[in-house]
Amino acid sequence: MMEYLYYIQGVHPVRVELDEDGDWDEVERYDRDKGDFVSDWRMSKRINDDMDCQKVSAVTFWEYIALLHADQKHENKPRRLDYNYYIQGVFAVRAKLDFEGNILYCQVYDHYKKGFIEENKYLNRLDEPFYCTKVSIEHFWTFIAKYPYRSLSEN
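Parameters and conventions
- Residues numbered from 1 in each chain as written.
- Predicted model: local features only at pLDDT ≥ 70, side-chain atom pairs only at ≥ 80, totals over all residues.
- Heavy atoms only, no water.
- Pairing = 2+ DSSP bridges.
- Helix = DSSP H or I, 4+ residues; strand = E, 2+ residues; numbered from the N terminus.
- Axes fitted to C-alpha atoms, helices over the stretch in contact; angles between N-to-C directions.
- Contact = heavy atoms within 4.5 Å.
- Buried < 20%, exposed > 50% of the residue type's maximum accessible area, 1.4 Å probe, protein only.

Working definition: the strands of a sheet are paired by backbone hydrogen bonds and lie parallel or antiparallel to each other. Read from one edge of the open sheet, five strands run S4-S3-S2-S1-S5, paired in antiparallel fashion. The open sheet has two edge strands with one neighbour each: strand S4 (36-39) and strand S5 (53-56). Looking at each pair of strands side by side, their axes are set apart by 35 degrees on average, direction ignored. Alignment of strand S1 (residues 3-9) against S5, held across four bridges, turns out to be antiparallel. The residue of S5 that forms the bridge with Ile8 is Gln54.

See below:
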């Protein structure tokens, strides 16, 4: 099970993945435009040195990401659509799209590993309204932030 430390650096949500010994393994910054995490080791230098950096709980971290997306809808720039977002029962599922809007593959958010894993078995029910609901990116991240297992990931 992967463990993370969560930080807010200015306006950037940053998570640090720990290896099995508790040492830093990966530093990722959340990229709002991509809707995903990108590796960014530059952020590691600012974690301990910058007064603008704050360690936060996993719940606060995910709620901050949800708020970033809620604020983004008020901007007048067109948003690139890379994913469609769904809630299937208790699962947060996103479908990667190609340039024509066709679904390439699906990913489900794994709350125990605290990240997305490719899982194409969810493709079958994307169009079934009794099993799956298409949601906005804001609702998608809010759902992840409010998930009942979130207490397991708090530091």
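The next point concerns the sheet that holds strand S9 (residues 115-118). Sheet architecture is open: five strands sit in the order S9-S8-S7-S6-S10, paired in antiparallel fashion. Looking at the sheet topology across the chains shown, the edges are occupied by S9 and strand S10 (132-135). Strand-to-strand, the axes of this sheet are offset by a mean angle of 35 degrees, without reference to chain direction. As paired elements, strand S6 (residues 83-88) and S10 share four bridges and run antiparallel to each other. In the strand pairing of S10, Ile87 is matched with Thr133. Across the sheet, helix H3 (residues 137-146) is in contact with S6, strand S7 (91-97), strand S8 (103-110), S9 and S10; its angle to S7 comes to roughly 140 degrees.

So, about the environment of Val16. With respect to the helices, strands and loops of the structure, Val16 is situated in strand S2 (residues 12-18). In this structure Val16 comes out as buried when scored by relative accessible area, which is 0%. As for Val16 and Leu5, which are separated by 11 residues in sequence, their C-alpha atoms are 5.1 Å apart. Apart from the residues within four sequence positions on either side, Val16 is in contact with Glu3, Tyr4, Leu5, Tyr7, Trp24, Glu26, Val27 and Ile47.

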